[in-house]
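# Summary of the model geometry
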Amino acid sequence: MAANGARFHIAESGPADGPLVLFLHGFPEFWWAWRHQLPVVAAAGFRAVAMDLRGYGASDKTPRGYDPYTAAADVSGVIRSLGATDAIVVGHGWGGFIGWSAAVLAPRQLRGLAVVSAPHPLLLARSGQRKALTHTAWFQLPVLPERRLLAHDGVHIERLLRDWAAPGGTFPDAEASRRYRAALQVWPAPHCALEYHRWFARSRLRPDGRKYSARMRTPVAVPVLQLHGAQDPAVSPNAVTPPHLVAAPLRHALLTPAGHFPHEEVPDLFNTHLVDWLAAPS
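For the structure given in this document, a descriptive report is provided here. Everything numeric in this text was worked out from a predicted model, so none of it was measured. (Residues numbered from 1 in each chain as written. Predicted model: local features only at pLDDT ≥ 70, side-chain atom pairs only at ≥ 80, totals over all residues. Heavy atoms only, no water.)

### Examining the sheet that holds strand β7 (residues 110-116)
Strands sit in the order β3-β5-β4-β6-β7-β8-β9 across an open sheet of seven strands; the sheet is mixed. Looking along the sheet, the strands with just one partner apiece sit at the ends: β3 (10-13) and β9 (250-255). Adjacent strand axes in the sheet meet at a mean angle of 15° when their direction is disregarded. The sheet contact formed by β3 and strand β5 (residues 47-51) spans four bridges and is antiparallel. (Pairing = 2+ DSSP bridges. Helix = DSSP H or I, 4+ residues; strand = E, 2+ residues; numbered from the N terminus. Axes fitted to C-alpha atoms, helices over the stretch in contact; angles between N-to-C directions.)

This is how it looks when you write it as structure tokens:
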């Protein structure tokens, strides 16, 4: 699917004339991360679509475009390419970061926002826990992080998933490990995936980063659902969005058994919260 000067891979389920729900995955996943949600949301009467973000999976891996302005335009363009005027966006991790950004930078295309393990961008820098901050600092180095993600058939990707999930859980299982390792073995996917992290860290002292932060002080004008795993070792589950940043109904829920990937670790519980909110997002 063509949008915003690139081509994006999507997976779709549900009635073509249903209200659009667009799913945005996080790092280091791709659209398959939403396999537990697509059929459930479709069965609730929605048109459920999961996209591979720019640089991931089967979407174009462009040399540039990993800043929130381009990513928000990607989301807006995909919504229009799907023949819809707007969508409810569900985003996990960096997909949630993009969802928050789109709600401010492309507000006409969003009628609701559900974010998973994704604090508001103005809170993100101080809500990262030690494991995430260590990885983010490592990701700023040139070349070496990409080589590590590629080394030994991507075993570091599996370790990262396991480290960020709830301790003692079963995620990732063998299939999830195999799929996510394989997806980031396709060059230049590792480099593209890390460019999102690099923009966020490096932009803080640059004019584009300061401009972005100023824009993100605009309150989000659509209903927001914020879901977070209570055992998330990567991003603090206490990073609740303050009311002045959302000028619409804001619902927050902690999913006690889950870590950073609640949509995969406890999909049934996650789906209950999501479908309940989708039925009456206001």
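Structure's up, so let's keep going.
### Description of the packing of helix α2 (residues 68-81) against helix α3 (residues 94-105)
Running from N to C, α2 and α3 cross one another at 80°; their axes reach a closest spacing of 8 Å. Considering their axes alone, α2 and α3 lie roughly perpendicular with respect to each other. Where α2 approaches α3, its residues P68, Y69, A71, A72 and V75 are matched on the opposing element by F97, I98, S101, A102 and L105. Here the contact of α2 with α3 is composed, by residue class, of nine nonpolar, one polar and no charged. (Parallel < 35°, antiparallel > 145°, perpendicular 65-115°, else oblique. Contact = heavy atoms within 4.5 Å. Nonpolar A, V, L, I, M, F, W, Y, C, P; charged D, E, K, R; others polar.)

### Some thoughts on the nonpolar core
The nonpolar side chains of a soluble globular protein tend to be buried with one another. In this structure, L22, F27, W100, L113 and Y180 are the most contacted members of the largest nonpolar core, which totals 65 residues. Filtering out sequence-adjacent residues up to four positions away, W100 remains in contact with L113, V115, A118, P119, H120, P121, M216, V220, V224, T241 and V246. Listed in part, the 23 residues of the second largest apolar core include F23, V41, A258 and W277. (Core = buried A, V, L, I, M, F, W, Y, C linked by side-chain atoms within 4.5 Å. Buried < 20%, exposed > 50% of the residue type's maximum accessible area, 1.4 Å probe, protein only.)

### A closer look at helix α8 (residues 174-183)
Among the residues of α8, A176, S177, Y180, R181 and A183 are the ones counted as buried. Taken down its axis, α8 places every buried residue within 165° of arc, on the same side. Seen from the open side of α8, the exposed residues pointing more than 90 degrees away from its buried face are A174 and R178. With a side-chain oxygen lying 3.3 Å from the backbone nitrogen of E175, the N-terminal cap of α8 falls on D173. (Arc of directions from axis to C-beta. Polar contact = N/O pair within 3.5 Å; in protein donor to acceptor, adjacent residues only side chain to side chain.)

### Overview of unusual backbone geometry
Residue P28 follows F27 across a cis peptide bond; omega there is 0°. Position of P28 relative to the elements: it lies in the loop between β4 (20-24) and α1 (38-43). Cis peptide bonds are those with omega within 30 degrees of zero, and the linkage from W187 to P188 qualifies with 10°. Among the structural elements, P188 can be located in the loop between α8 and α9 (189-202).

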